[in-house]
Structure formats: C-alpha cells, structure tokens
Amino acid sequence: TLVVKAGTPIATIQSTMWGLFFEDINFAADGGIYAELVKNRSFEFNKPLMGWTKIGEEYAGQFQIINSQNENNPRFLRLESLQGKELGLTNEGFRGMGVVAGENYLFSILAKQEQGASALKIELLDSTGLVIGNAEVKNFSGDWKTYETKFACSVTHPKAQLRLTLSGKGVLDIDMVSLFPEHTWKGRKNGLRADLVQKLADLKPGFLRFPGGCIVEGHELETRYQWKKTVGNVDDRKLIVNRWNTEFSYRNAPDYFQSYGLGFFEYFQLAEDIGASPLPILNCGMACEFNSSELVPLDKLDPYIQDILDLIEFANGATTTKWGKLRADMGHPAPFNLKMVGVGNEQWGTQYIDRLKIFLKVLNEKHPEIAFVGGAGPFPDGKDFDYLWTQMRELKVPLVDEHYYRSPEWFLKNASRYDSYDRKGPKIFAGEYAAHDKEGEDAESRNTWKSALAEAALMTGLERNADVVYMASYAPLFGNVNAWQWRPDLIWFDNLKSAATPNYYVQKMFSTNAGTDVVTALVDGKPLTGQDSLFASACIDSKTSELIVKMVNVARHTASLTLSLEGKQPSVKEINLQVVANANPGAFNQVGKPEEVTPVERKQKISGKKIDISLDAYSLTVVRIPIK
Ligand code: AHR
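Numbers given to residues run from 1 along each chain, matching the order in which its sequence is written. In keeping with the model being predicted, local features are shown solely for residues with a pLDDT of at least 70 and side-chain atom pairs are shown and tallied solely at 80 or more, while totals for entire chains, interfaces and linings include all residues.

Asker: Just checking my understanding: could you explain the overall build of the protein for this structure?
Answerer: Each helix is a run of H or I in the DSSP string that is no shorter than four residues. Each strand is a run of E no shorter than two, and both are numbered from the N terminus. Scanning the protein from N- to C-terminus turns up 9 helices and 33 strands. For the radius of gyration, the atom set is restricted to C-alpha positions; the globular benchmark scales as 2.2 Å times the number of residues to the power 0.38. Taken over the C-alpha trace, the protein has a radius of gyration of 26 Å; the compact-globule value for 628 residues is 25 Å, and the two agree within 12%. When the backbone C-alpha atoms are referred to their principal axes, the protein occupies close to 90 × 55 × 40 Å. Burial status across the protein gives 51% buried among its 628 residues. A separation of at least 24 residues holds for 76% of the contacts in the protein among residues at least 6 apart in sequence. Here exposure depends only on C-beta density: within 10 Å of a residue's C-beta, 20 or more other C-beta atoms make it buried, 12 or fewer make it exposed, and intermediate numbers make it partly exposed, the C-beta atoms being placed from the backbone. In this description, a residue-residue contact is defined by the distance between C-beta atoms placed from the backbone, which must lie within 7 Å.

Asker: It is not clear to me how the domain arrangement of the protein should be interpreted in this structure. Could you clarify?
Answerer: Put simply, an interface is often sized by how much accessible area is lost when its parts join up. Note: domain ranges come from an automatic or database domain assignment. We note that the domain assignment places domain 1 (2–12 + 518–626), domain 2 (20–36 + 187–373 + 408–418 + 429–497) and domain 3 (52–181) within the protein. In this structure, domain 2 and domain 3 have C-alpha centres spaced 33 Å apart. In this complex, domain 2 contributes 15 residues to the contact, which on the side of domain 3 involves 14 residues. Under the scheme applied here, ten amino acids are nonpolar (Ala, Val, Leu, Ile, Met, Phe, Trp, Tyr, Cys and Pro), four are charged (Asp, Glu, Lys and Arg), and all others, including Gly, are polar. By residue class, the composition of the side of domain 2 that touches domain 3 is 4 nonpolar, 4 polar and 7 charged.

Asker: Looking at this model, I keep getting lost on the site of the ligand. Mind explaining?
Answerer: Near the ligand the following residues occur: Glu-23, Ile-25, Gly-212, Gly-213, Cys-214, Asn-345, Glu-346, Pro-378, Glu-432, Ala-475, Pro-476 and Trp-486. The residue makeup of the shell around the ligand, split by class, is 6 nonpolar, 3 polar and 3 charged. In this text, near has one meaning. A residue is near a molecule or strand if its C-beta atom, placed using the backbone, is within 6 Å of it.

Asker: Please clarify how the sheet that holds strand E1 (residues 2–12) should be interpreted in this entry.
Answerer: Paired through backbone hydrogen bonds, the strands of a sheet run either parallel or antiparallel to each other. Strand order in the open sheet formed by 9 strands is E31-E30-E33-E28-E27-E26-E1-E29-E32, and the pairing between neighbours is mixed. Edge positions in the sheet fall to strand E31 (600–605) and strand E32 (610–615), since each has one partner strand and no second. Sheet twist, expressed as the mean angle between neighbouring strand axes with direction ignored, is 30°. Inspection of the sheet shows E1 paired to strand E26 (residues 517–522) by 5 bridges, in the antiparallel sense. Considered in E26, the bridge of Val-3 is made with Leu-522. Its contacts with the sheet put helix H8 (residues 449–464) on E26, strand E27 (534–541), strand E28 (546–553) and strand E33 (619–626), and the angle it makes with E27 is roughly 45°. Criterion used throughout: strands pair if DSSP finds at least two bridges between them. Here the axes come from fitting lines to C-alpha atoms, over the contacting stretch only for helices, and the angles between their N-to-C directions go from 0 to 180 degrees.

Asker: Even after reading the chapter, I still don't get the pairing of strand E5 (residues 75–81), so can you show me in this structure?
Answerer: Of the strand pairs in this sheet, strand E4 (residues 61–67) and E5 are connected by 7 bridges, and their pairing is antiparallel. Within E5, the position partnered with Gln-64 by the bridge is Arg-78. Alignment of E5 against strand E13 (residues 170–181), held across 5 bridges, turns out to be antiparallel. Following the sheet pairing, Ser-81 is matched in E13 by Gly-170.

Asker: Just to check I follow, could you spell out the UniProt feature "domain: Alpha-L-arabinofuranosidase C-terminal" (unreviewed entry) in the protein for this structure?
Answerer: UniProt positions are given in the numbering used here, feature names are shortened, and annotations may be inferred rather than shown by experiment. When the UniProt feature table is mapped onto this chain numbering, "domain: Alpha-L-arabinofuranosidase C-terminal" (unreviewed entry) sits at residues 431–619. End C-alpha atoms of residues 431–619 are separated by 25 Å, and the span's content is 14% helix alongside 38% strand.

Asker: Sorry, what's going on with helix H5 (residues 349–366) here?
Answerer: Owing to its 3.6 residues per turn, the α-helix brings residues three or four apart onto one side. An expected span of 1.5 Å times one less than the residue number is assigned to each helix. Its 18 residues give H5 an end-to-end C-alpha distance of 26 Å, which sits within 8% of 26 Å, the value for a rise of 1.5 Å per residue. In H5, a bend of some 25° at Leu-360 exceeds every other bend along the element. Within H5, burial applies to Tyr-352, Arg-355, Leu-356 and Phe-359. Elements that come into contact with the buried residues of H5 comprise helix H3 (302–316), strand E18 (340–343), strand E19 (371–375) and helix H6 (385–395). Note on bend: the value at a residue is the angle between axes fitted to the seven residues ending there and to the seven starting there.

Asker: Would you mind going over the nonpolar core with me for this structure?
Answerer: The biggest cluster of nonpolar side chains holds 186 residues, and the ones touching the most others in it are Val-4, Leu-453, Ala-457, Leu-547 and Val-549. For this core, the element with the most residues is H8, which contributes 9 residues. When near neighbours in sequence (up to four residues on either side) are disregarded, Val-4 contacts Val-519, Ala-521, Ala-538, Leu-547, Val-549, Leu-563, Ser-564, Leu-565 and Glu-566. Each nonpolar core consists of buried Ala, Val, Leu, Ile, Met, Phe, Trp, Tyr and Cys residues. Their C-beta atoms, within 7 Å, join them into a set.

Asker: Can you help me understand the environment of Leu-577 in this one?
Answerer: Inspection of the secondary structure puts Leu-577 in strand E30 (residues 574–581). Residue Leu-577 is classed as partly exposed on the basis of its C-beta count, with 19 C-beta atoms lying within 10 Å. Sequence separation between Leu-577 and Glu-23 is 554 residues; the distance between their C-alpha atoms is 34 Å. Ignoring sequence-local partners within four residues, the contact set of Leu-577 consists of Glu-601, Arg-602, Gln-604, Thr-621 and Val-623.

Asker: Please clarify how the sheet that holds strand E22 (residues 469–474) should be interpreted in this entry.
Answerer: Read once around its circumference, the closed barrel built from 8 strands follows the order E2-E14-E17-E18-E19-E20-E21-E22, with strand pairing classed as parallel. Each neighbouring strand pair of the sheet contributes to a mean axis angle of 25°, computed without reference to strand direction. Sheet topology note: the strand E2 (residues 18–21)/strand E14 (residues 207–210) ladder contains 2 bridges and is parallel. Bridge pairing in E14 places Leu-20 opposite Leu-208. Running over the sheet, H8 touches strand E21 (427–435) and E22 and is turned about 170° from E21.

Structure, rendered in structure tokens:
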C-alpha cells in the first residue's frame, strides 16, 4: 500500500522542472533541425567544394574558388563557361536531401555576373538522376545580389540532390546557395524542420538549454561557441568546424561544420515558441578539458565576461541599446525574458573555480536578477565532485549542473540520490543525463526500454526531491541515423522522418504530468526507491485539482500497488492511466518502423479512497485522479 498524503503539499515543483538540452551534435542543427538542405552553401568548409561535385570541367569551362574582402564569409565560387556548353555542379545535401512530393522549395543564391549573359538552371534530382523539381534564375546583375525562386517537388525522396547548371557563355560568381522547404516551423524563412520542432513542443518543456555541451568549450578556444558570430545577417555568420567533426571524434563526420544558420536569435525564438525558459550556457575562458584544456589567463577574462553581459542585453535589453537593437532589427523587439545563464559547461579543477569566481563577481553585481549556473563537472561522485560542490556552496551559486551518463543499474541506485542532499545549499540542475545500455548495430539500439525505465525510476527521485531539484534534461536531444557521433539520444531522425525513443516517452509522461506540488507517498513509512523493484512519486496539480502518481516497475512480473489517499478523496468514479510497458527490456523504436515501445491509455473504475493499481512487468504508469 502506497499511502499518499494528497491533502498536504510539501514542496513546489518548479515550472522549469523538465526541460531540453540542445547541442549541435549528431547533426542536430545543420543536417537536422535547421531546415537548410544545401551542405557547404557558402564554400567555407575546410575543403571549399566539400559536398559539391563539378560537372563539365573537362569540356565546358572551369571552377575557381576566390577570396573576397568579407572576412566572415570570404570564399565564393566562380563558374567560367568558356564554350557555352553546360557547366554546373551538384550538392549532395546532408547525407542526401529529404524532399516531399507537393512541397514547395525556396531556392536562393547570392550571385554576381562577371561576363556574358547566363541563366542558371536549378534542378532537384532523385538518386537515379531524374528531375523531380526545377526552376531557373536569370538576368544576373554585375553586383552581388540575392536571387530567389520557388518550385514544387513532384516526388518524395530521402536522398535527393540539387543540380545547378550554367547555360550560355559567361562567368558567374556564386555564394550562399540555399534550398529550404517552404513549410518550416511556423513558416519562417531560414527556419526549422517542423516535424522535429513539433516533437519538442509536444514535450511541453520547462526550459531549453543551448547551444551545448562541449561545443560551448571548443577543442581549442579558437573554435569555442561565440554567440555574437551567430546573430545578424545569415550570410555574415562565420562558419566554423564543429567540435564533433570526425577529425576530432570517432564517427562518421568529416563534413561537420556549424553554419550558424541556427544561431542565438533562433534559439531564443525556439524557446519562446515551445514555451520553454531559455538557458544559454557560455564559455568561461576554458576549452574542453577532455581535449586541449586551453585556458584564458585570469587577467584576460574580460572579453568572455563581456560576452555574457552583452548576451543579457541582447535578450532583455531595451531596443535603444546596441544589442537590444540588434534583437529588434532581427524581428523581436520584445525581450526574450532571459532569467538564467550557465557559466561554463562540464569543467572541473581549480582552474574552473578560479575563473568562475572572477565571472560571478562581475555578473552578480551587474545582474542580480539573473541566476548564474555553475557546474559539478562530468564525474558524478567521482573526480573533483566534492571539491566542486564545496566551492559551489561557498560561491552561493543558485543552481549546480550535474551530469550523469551511467548504466541503468546506476540510475536505479540513484533514485534516492537527492534524498540526503543539503536543503540549504544550491539547487540541482540535472543538465545532462541518460542511462547507457549496451550497444547494438542499429543507431537507435542503445535507446532500450531498459534504459528508459531506469531513467523513469531516477526521475521519480528527482520529482520527490523537487524542493532541491529544480531542473532536469536528458542528453543529447537529437541523433541523425546517418551521421551520429554519440548515442543514446532522445529523438532519432533521417532526412524525412523521426522516431520518438522509449526515453522520449518517459520524458513526455513526466513533463506533461508535471504537477505543481509534491506530496508524500510512502510504503511502510518509506518512499518507494526500489523495494520489490518498484519506484514511485506523487504530486498534485493545484490548477486542475488532481493527484498524479507515477509508478515504475522494473521487474519481469506484474506487481500491484494499492494507493491509499489521505487528506483528499477521488471526485470521480473512473480514472485515466497512461502506461508504457514492454515485456522485452531490450526493445527500442526505429525511424520508419512501427513503434515497439509506446504509451497507451487505460481507464479504470474506482470507488473510495483505496485504489488498486496493477503494474505491468517493466512498466511506467502515470495515474491522474481528480480529487476533492
Ligand atoms: O551530450 C554529449 C556531451 O556529453 C556533451 O557535449 C558534454 O557536455 C558531455 O560530455
């Protein structure tokens, strides 16, 4: 019997409790949520024609990469058609281009005609070379200008290519070759993939942490994430190599660069769109400690601190300020309501603390209204963890970012992790976590039901301790099945489709049943943290007058629990149960295949204050009970 004191709220659940961690890893941004279909549109990858294949060089003319004066986007491509024969090139997209029959595509190009009268044929090809959409751009001027055209696609194809062909004798300079579906999230230009954003919106997240992760730090400081380079005119955002490029990591991506088409303005806008509080994480004067460990000397941190001050102005400042004006010019005069900023991602050692102290001295003084988040490194309970926590307490940081990528067994054991945390110190931000189960062949195979169930068990512990745990986010968020570097991930996708993992459904069951206040739920006077393989937490939603109980059964047999309500009673005779269960803990969901693990709804008749609930083998059950 689980005795639930439904009439006695014991702690407020923060509206930020269940959120999202976004990092451009696994082609999450370019080649993922950012809907641009052309790879290396500005010829700025380290190999200027990476992603492009030349056509007609042997007989029709030549290609030249030229450097302009624009230091943010120096290279452009010169096409010289000498014979009047067809000269052109194709772009392979990000492991192909996903295109849909009946959808319109917006093509744009920055071009300048050097000589001759030429037209550019634009064609979308399927993998056999068949034209499945086309348009033409002509009447080019002798000055750099952007040309746009729209055309429909006739066939759905996951790996289309874009071909540009110059007709007529002449010389044409091109840059910023771009192709977007017309239908993006909210129909925005330079927009995001609507199907992927919808999956985020469906989670009703409390916050959106961005832009990472390790990309905040960079392998070296030179390649750290610098938000100022990601805002303003898209053509002038300086592309850099992604920290998860194969040159540096072990899988599948020599062509991984950050175009910054999805930059800080777009991140803030995304957060606003999906009702999430923005949580940017900024560099603290340290490159990734797993790599170069490059450090900014303590007396040279000012530009880094200034970046944070300017970011606050960009997000919240009046439109008369320099950065507030840029936000308004980009289309958002109203503030973005920034309340939290992380200082450093996953750093450790005295080098972190020495820097953090300098940052906080300035930041807290200038912006007492903002919560500046500190971190506890990548080693939960390991290297430096206690040291970092002691320092966090002394520095009185409001929130400490803890990361844990651990086995499912670790997750089960840690369901009671926060029961003994100091109630007077900083609050917890579980900023990156995922249960890591065994690897399989398929990209999605690590996202097993076992891993998701272990996370659900731990999450009951997060909720029970909502007086100290203020925020939590699974990580990483996205994985492109054809270009990933890290797994498991919450959502897998290819160029056309996506799959919610079992882990996604667990997140969704918690975040869409978040409640407002924790209530006590005890078996024999103790919280359920693994006795008989069961875990539970309970809360009320004071806005809807409901009791919400979350129960996890990690055993291979059915279990039963009797909920015994105290202080309140059910106001209905029938209740709703949401259940995710699968008898196979190794089950996982895959892109383009029927779901193996998926929530179902059940109804159950009840009478009185005692409610018997049957918990399936290997299951998460959420019950909502209207109460009076
Ligand atoms: O989520 C993947 C990586 O894990 C993040 O970039 C980093 O913060 C952590 O080590």
